[in-house]
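# Structural overview for review
Below are the chains, spelled out letter by letter.
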Amino acid sequence: MPKRYLVNFDLGDLERVETGFLVIGSGIAGLYTAHAASSYWEDIVVLTKRGIDDTATEHAQGGIAAAVGPNDSPLYHYEDTLAAGAGLCDPTAVEILVTEGPARVEELIRLGARFDRADGRLDLTREGAHTRRRILHAMGDATGAEIQRVLSETVRANPKIKVLENHFLVDLLVTKGICWGALALDHQEGKLKAYLAPVVVLATGGAGQIYQHTTNPEVVTGDGIAAAYRAGAEVMDLEFVQFHPTVLLLEGAPRFLISEAVRGEGGILLNAQGERFMPRYHPMAELAPRDVVVRAILKELERTGSRVVYLSLEHLNPEQVHARFPTISQRLKAYGLDLARDRIPVAPAAHYFMGGVKTGFHGETSLQGLYACGEVACPGVHGANRLASNSLLDGLVFGGRIVEHAKRVRPEKVFSKAEAKGEGLIPGPPIDYARLKLELKELMQTHVGPVRCRKGLEEALKALAQWETLNNYEATSLEEMEFKNMLEVAYLVAEAALMRTESRGGHYRSDYPEPRPRWQRHLIFRRQV
Ligand code: SIN
């Protein structure tokens, strides 16, 4: 059981910053929420762990899904999202996503997002489990970078919004079920500060870094999920982790996402013997839902004894391939690979958390005043398996809804005289937390990865429990705080995965390989505070 706080503190001793609307995180969900809030609030603060663009959004390649094409409709998008979600999507949340999504995307375009066009019309692509071409993309395969650029510029130009970089969320301040602020470590000044606000929005992203192989940038260490859990918020669906099927696996190269859009445009998968295998596994072949493609790849790896399968575009026009995927082409070139001519070695890696802080349809959490949106949140919109390119859309739609809710509710200013203390943590010995992070990541990859079983999960939980005593120590560095957050999230994921004795979506148990009707429900955890 984690302690309530990562550090000892007395609010009376800390610098206090009071604001009307506090956003934590600067990816699409956080920045869009801040932008939307500026129509109603004059003083908005955005805290972000490193630079404003140091986000998972910045790295998103494939695109943003929205039913804007001539032969598409929100209904088709709804059906595809529910089918991918494997029986666990909340239908109302999905309906909200697909019906409100197109207008939010229009707004992004009005703000200056330059999505790719062909003959003046939006050029839409396909990705896995979409029955229509509905993925908007920018600069070929740099959609996230374009959205991040637009939102970062929009927010920076807005005098009502102050962005504070290098501010790490340490803990949430909560009294009697009401959240009224956050403790943040300004790690440039090396100072703990208190940011007090009647509206606090978590938009800190997921927790991909708990795995050895991940597409997520280093900042994604589950800080928001862990802080919310320590503060007593409900968290849900944490066993559902999506692994992306095609991540570059090459000696000496960092893991690098090879967008699903590459398969959407005709790329095929070959095993180590050069055989195309996906048609044997699913009628949609390479464009089957991600969990299906991941497990098919793992089976082929086992069968052939190889570490990788290959993505091949050899049958496509090379000029068109390079023009359509300039970022991926460039990156591969640096490793001596030609996307159009070479077989690209790939393997699955952790990509997206379907679960997170449980929210309602307006991002409201189980703590009054605390909202969550984007990957840190779980409104049930992705169910057990997210449909590709629905996550950027989710950040926009539910971020916008938070503002609608908060302006209606206008929580009272409860913070002015508030006091809080964290105490009882003891000084710890010197510990190499960077090394512990690597050990944790390896453990999670081995036992809580895309294929799980009771024995492995129990081993993982036993190993994680050995680190529990570290929670008695007062955290003194960012590395230590990140490790403790990763540990907490890893524990929740492993525990939920052990409890769910079935396979569904992103959660696959080799000892329970089928879905079971009695498990068509959610696992919700809450720490007793
Ligand atoms: C990709 O480009 O394959 C990632 C898209 C997503 O995860 O939604």
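Presented here is a report on the structure given in the accompanying data block. If you're wondering where the values come from, they're calculated on a predicted model, not measured in any experiment. (Residues numbered from 1 in each chain as written. Predicted model: local features only at pLDDT ≥ 70, side-chain atom pairs only at ≥ 80, totals over all residues. Heavy atoms only, no water.)

## Section: the packing of helix α13 (residues 454–466) against helix α14 (residues 478–499)
Close contact between α13 and α14 brings their axes to 9 Å; oriented N to C, the two are set at 150 degrees. When the interaxial angle is binned, α13 and α14 end up roughly antiparallel. Here the hand of the crossing between α13 and α14 comes out left-handed. Note on element contacts: α14 touches α13 through Leu 487, Ala 490, Tyr 491, Ala 494, Glu 495, Ala 497 and Leu 498, opposite Arg 454, Leu 457, Glu 458, Leu 461 and Leu 464. (Axes fitted to C-alpha atoms, helices over the stretch in contact; angles between N-to-C directions. Helix = DSSP H or I, 4+ residues; strand = E, 2+ residues; numbered from the N terminus. Parallel < 35°, antiparallel > 145°, perpendicular 65-115°, else oblique. Left-handed = near helix turned anticlockwise from the far one by under 90°. Contact = heavy atoms within 4.5 Å.)

## Section: the packing of helix α6 (residues 223–230) against α14
Helix packing geometry: the angle between the two helix axes and the distance between the axes. Contact geometry of α6 with α14 gives a least axis separation of 8 Å together with a crossing angle of 75 degrees. Comparing their axes, α14 and α6 come out roughly perpendicular. Counted together, Asp 223, Ile 225, Ala 226, Tyr 229 and Arg 230 of α6 and Glu 482, Asn 485, Glu 488, Val 489 and Leu 492 of α14 form the full contact between these two elements. Within the contact of α6 with α14, the residues separate by chemical class into 5 nonpolar, 1 polar and 4 charged. (Nonpolar A, V, L, I, M, F, W, Y, C, P; charged D, E, K, R; others polar.)

## Some details on the pattern of salt bridges
For the structure on display, the rule yields 40 salt bridges. Ionic pairing is found between Lys 191 and Glu 15, a salt bridge with its closest N-O pair at 3.1 Å. Of this pair, Lys 191 sits in strand β13 (residues 191–196) while Glu 15 sits in strand β2 (residues 15–18), and the two are 176 residues apart along the sequence. Exposure remark for Glu 15: the relative accessible area of 35% places this residue in the partly exposed category. With a shortest N-O distance of 2.6 Å, Arg 276 and Glu 286 are connected by a salt bridge. Taken together, the residues Arg 276 in the loop between β18 (268–270) and α8 (290–304) and Glu 286 in the loop between β18 and α8 connect sequence positions 10 residues apart. In this structure Glu 286 comes out as buried when scored by relative accessible area, which is 3%. A network of salt bridges, in which partner residues are shared, links Glu 15, Asp 186, Glu 189, Lys 191 and Lys 193. (Salt bridge = Lys/Arg side-chain N within 4 Å of Asp/Glu carboxyl O. Buried < 20%, exposed > 50% of the residue type's maximum accessible area, 1.4 Å probe, protein only.)

## A short note on α8
If you check α8, its first and last C-alpha atoms are 21 Å apart, about what 15 residues at 1.5 Å a residue would give, namely 21 Å. Every buried residue belonging to α8 is among Arg 290, Asp 291, Val 292, Val 293, Val 294, Ala 296, Ile 297, Glu 300 and Leu 301, and all of these are buried. Gly 305, located one to two residues past α8, shows a positive phi value of around 70 degrees. (Expected span 1.5 Å × (residues − 1).)

## Some remarks on the state of the cysteines
As enumerated under the stated definition, the model contains 0 disulfides in all. Not engaged in a disulfide, the cysteine Cys 378 finds its nearest cysteine sulfur in Cys 89; these two sulfurs lie 9.9 Å apart. (Disulfide = S-S within 2.5 Å.)

## A short note on the sheet that holds strand β14 (residues 199–202)
Pairing within the open sheet is parallel, and its 5 strands lie in the order β10-β4-β3-β14-β22. Two strands bound the open sheet, and with one partner strand each, they are β10 (161–164) and β22 (370–372). Across the sheet, the axes of successive neighbouring strands diverge by a mean angle of 20 degrees, strand direction being ignored. Inspection of the sheet shows strand β3 (residues 21–24) paired to β14 by 4 bridges, in the parallel sense. Each residue of the ladder has a partner; that of Val 23, found in β14, is Val 201. Of the strands in this sheet, β3, β14 and β22 touch helix α11 (residues 390–409), which is tilted by about 160 degrees from β22. (Pairing = 2+ DSSP bridges.)

## With respect to the pairing of strand β20 (residues 344–353)
In terms of residue burial, β20 counts as a mostly covered element, since 10 of its 10 residues are buried. Relative to β20, strand β16 (residues 241–248) runs antiparallel, the two sharing 6 bridges. Paired with Gln 242 across the two strands is Tyr 352, which belongs to β20. Two elements, strand β19 (residues 309–312) and β20, share 3 bridges in a ladder whose sense is antiparallel. Within β20, the residue paired with Val 309 across the bridge is Val 346.

As far as function goes, none of this settles anything; it's purely spatial.
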